[in-house]
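# A structural walkthrough
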Amino acid sequence: MMDGLGYAFAGGRELRRLCLRAVLSLMYASILRFSRAIFVLNPDDGRVIRSLGLERPSRPVVRIGGTGIDLEEFSYAPPAAGPLNVLMIARLLREKGVMEYAAASQRLRDQGIACRMDPLGPYDSNPGAIDADQFSTWIAQHLIHYLGETDDVRPYLRACSILCLPSYREGLPRTILEALAIGRPIITTDVPGCRELVIDGVNGFIVPPRDPDALAAAITRFVDRPDLLVTMAKASRALAEAGDDVGDINPLIMATMGLSAPTSSPVCAA
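Residues numbered from 1 in each chain as written. Predicted model: local features only at pLDDT ≥ 70, side-chain atom pairs only at ≥ 80, totals over all residues. Heavy atoms only, no water.

### Some thoughts on the overall build of the chain
Secondary structure assignment for the chain yields nine helices and seven strands. Relative to the compact-globule value of 18 Å for 270 residues, the chain shows a C-alpha radius of gyration of 19 Å, a close match. Projected onto its principal axes, the C-alpha coordinates of the chain cover approximately 60 × 45 × 30 Å. Within the chain, the fraction of its 270 residues that count as buried is 49%. Pairs at least 24 residues apart make up 69% of the contacts formed inside the chain by residues separated by at least 6 positions. Within the structure as shown, the chain displays about 12400 Å² of accessible surface, and the carbon and sulfur contribution to it stands at 55%. Across the chain, the 28 positively charged side chains and the 31 negatively charged ones have centroids separated by 6 Å. (Helix = DSSP H or I, 4+ residues; strand = E, 2+ residues; numbered from the N terminus. Rg over C-alpha atoms; globule rule 2.2 N^0.38 Å. Buried < 20%, exposed > 50% of the residue type's maximum accessible area, 1.4 Å probe, protein only. Contact = heavy atoms within 4.5 Å. Areas by Shrake-Rupley, 256 points an atom, 1.4 Å probe, with all protein chains shown as cover. Lys, Arg positive; Asp, Glu negative; His and termini not counted. Charge placed at Lys NZ, Arg CZ, Asp CG, Glu CD.)

### Considering helix H3 (residues 98–110)
Between its first and last C-alpha atoms H3 spans 19 Å; for 13 residues at 1.5 Å apiece the expected length is 18 Å, and the two agree. Every buried residue of H3 is accounted for by Val98, Glu100, Tyr101, Ala102, Ala103, Ala104, Ser105 and Leu108. Turning to H3, the residues buried within the fold contact strand S3 (85–89), strand S4 (116–120), helix H4 (132–140), strand S5 (162–165) and helix H7 (212–224). Just downstream of H3, Gly112 is the residue with a positive phi angle, here 75°. (Expected span 1.5 Å × (residues − 1).)

### So, the environment of Ala104
Tracing the backbone shows Ala104 in helix H3. When the C-alpha positions of Ala104 and Pro192 are compared, they lie 22 Å apart, and in sequence the two are 88 residues distant. The contact partners of Ala104, leaving out residues within four places of it in the chain, are Pro212, Leu215 and Ala216.

### Here's the deal with a nonpolar patch on the surface
A surface patch of nonpolar side chains, about 280 Å² in accessible area, is lined by Val23, Met27 and Ile31. By secondary structure assignment, the location of Ile31 is in helix H1 (residues 15–32). A residue is classified by how much of its surface remains accessible, and Ile31, at 54% relative accessible area, is exposed. (Patch = residues over 30% accessible without salt bridge, like charges linked within 9 Å, V, L, I, M, F, W, Y side chains within 5 Å. Salt bridge = Lys/Arg side-chain N within 4 Å of Asp/Glu carboxyl O.)

### Notes on unusual backbone geometry
Phi at His142 is positive, roughly 60°, even though this residue is not glycine. Within the fold, His142 resides in the loop between H4 and helix H5 (154–159). Despite not being glycine, Arg210 has its phi angle at roughly 60°, a positive value. With respect to the helices, strands and loops of the structure, Arg210 is situated in the loop between strand S7 (204–207) and H7. According to the relative accessible area criterion, Arg210 is partly exposed, its value standing at 45%.

### Points about the side chain of Arg237
Locating Arg237 in the fold gives a position in helix H8 (residues 227–243). Assessed through its relative accessible area of 13%, Arg237 is described here as buried. Not counting residues within four places of it along the chain, the set of residues in contact with Arg237 comprises Leu71, Phe74, Ser75, Tyr76, Leu180, Ala181 and Gly183.

### Focus on the pairing of S5
By the alternation rule, side chains of S5 split into Ile162 and Cys164 and Leu163 and Leu165, which are all buried. Sheet topology note: the S5/strand S6 (residues 186–189) ladder contains three bridges and is parallel. In the sheet register, Leu163 faces S6, and the bridge partner there is Ile186. Between the parallel elements S5 and S6, the chain passes through helix H6 (residues 174–182) in a crossover that is right-handed. (Pairing = 2+ DSSP bridges. Right-handed = clockwise from strand over helix to strand, strands pointing away.)

### Focus on the pattern of salt bridges
Considering all chains together, one arrives at 16 salt bridges under this definition. For Asp124, the salt bridge is made with Arg91, and the minimal N-O distance between the two is 3.1 Å. Taken together, the residues span a long stretch of sequence, with Asp124 in the loop between S4 and H4 and Arg91 in the loop between S3 and H3 at a distance of 33 residues. With a closest N to O distance of 3.1 Å, Glu178 and Arg174 form a salt bridge. On the criterion of helical spacing, the pair formed by Glu178 and Arg174 is a turn pair, its members being four residues apart in helix H6. With relative accessibility at 9%, the residue Glu178 sits in the buried group. Members of the salt-bridge network, linked through shared partners, are Asp44, Arg47, Asp190 and Arg195.

### Overview of the confidence of the model for the chain
Averaged over the chain, the pLDDT score is 89; the fraction of residues at 70 or greater is 93%. Low pLDDT (under 50) marks residues 261–270, which in the prediction has 17 contacts with non-local residues, meaning those over four places away or in another chain. (pLDDT = per-residue confidence, 0-100.)

### Remarks on the packing of aromatic side chains
As enumerated under the stated definition, the model contains six aromatic pairs in all. Between Tyr123 and Tyr146, the aromatic rings sit 5.8 Å apart at their centres with planes inclined by 70°, giving edge-to-face as the arrangement. Of this pair, Tyr123 sits in the loop between S4 and H4 while Tyr146 sits in the loop between H4 and H5, and the two are 23 residues apart along the sequence. For Tyr123, a relative accessible area of 40% translates into the label partly exposed. Residue classification places Tyr146 among the partly exposed positions, given a relative accessible area of 25%. Look at Phe135 and Trp138: their rings are 5.9 Å apart centre to centre, the planes differ by 70°, and that puts the pair in the edge-to-face class. Placement of both Phe135 and Trp138 in helix H4 is noted, with a separation of three residues, approximately one turn of the helix. We note that Phe135, like Trp138, is buried. Through pairs of rings, three or more aromatic residues link up here, namely Tyr123, Phe135, Trp138 and Tyr146. Across the ring face of Phe74, the terminal group of Arg154 is positioned such that the distance to the ring centre comes to 5.9 Å. (Phe/Tyr/Trp six-rings, centres within 6.5 Å; stacked < 30°, edge-to-face > 60°. Lys NZ or Arg CZ within 6 Å of the ring centre and 35° of its normal.)

Spelled out as structure tokens, the structure:
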């Protein structure tokens, strides 16, 4: 299962990234040749796997809609009342859009728009990690209110108004799937893995990647139209019920692995 292709395939043409992309491509080619199927979480990752020449009649590329969410565990909760709270759940990496998130907060402050920007997630040793001193500066400037790490995101999702993930590339982010289930509007970027989970203007907004001005403008729309919080929350939950239930996704995975009889062809266009 290719749970997102990560830093090396997240765009950019820096020498380090290009070298890592070449090395990983060789590693994937070596390792995946022993597989009988390759699961991917979005169409773009499927195209990358195919471009590496890794799909065979005996080794199909199978696209699944994430690993599934327990819709009872992540039950619907109406958006919290009070000031706008924009939650971001992610490792503290540039590729997750943390820089743009902080810059959007600065733009909102400059416009006199009051909202709370709450990042939740761990520091990371990845090459794209945010510098700890930079992050501390944002905290000191009150641009963000760092929530630390957690093993249970549900209380934070229920306390927020919007989930924001301005990532550069994803597999199919579980944080968005969980936010859909609880019923939160989503602001995310027009990149692989993220755009598949939002119907622009229905359950959230899709903005260009690496664009803090567009991100700030999308947040402002909820300030101008607070009624969108409720309508988009219900739309997010409806989308989760339509396609993210773990009870629907697990049988497809098991059928592909030969652990149960498939009810339909498990091979999806990826």
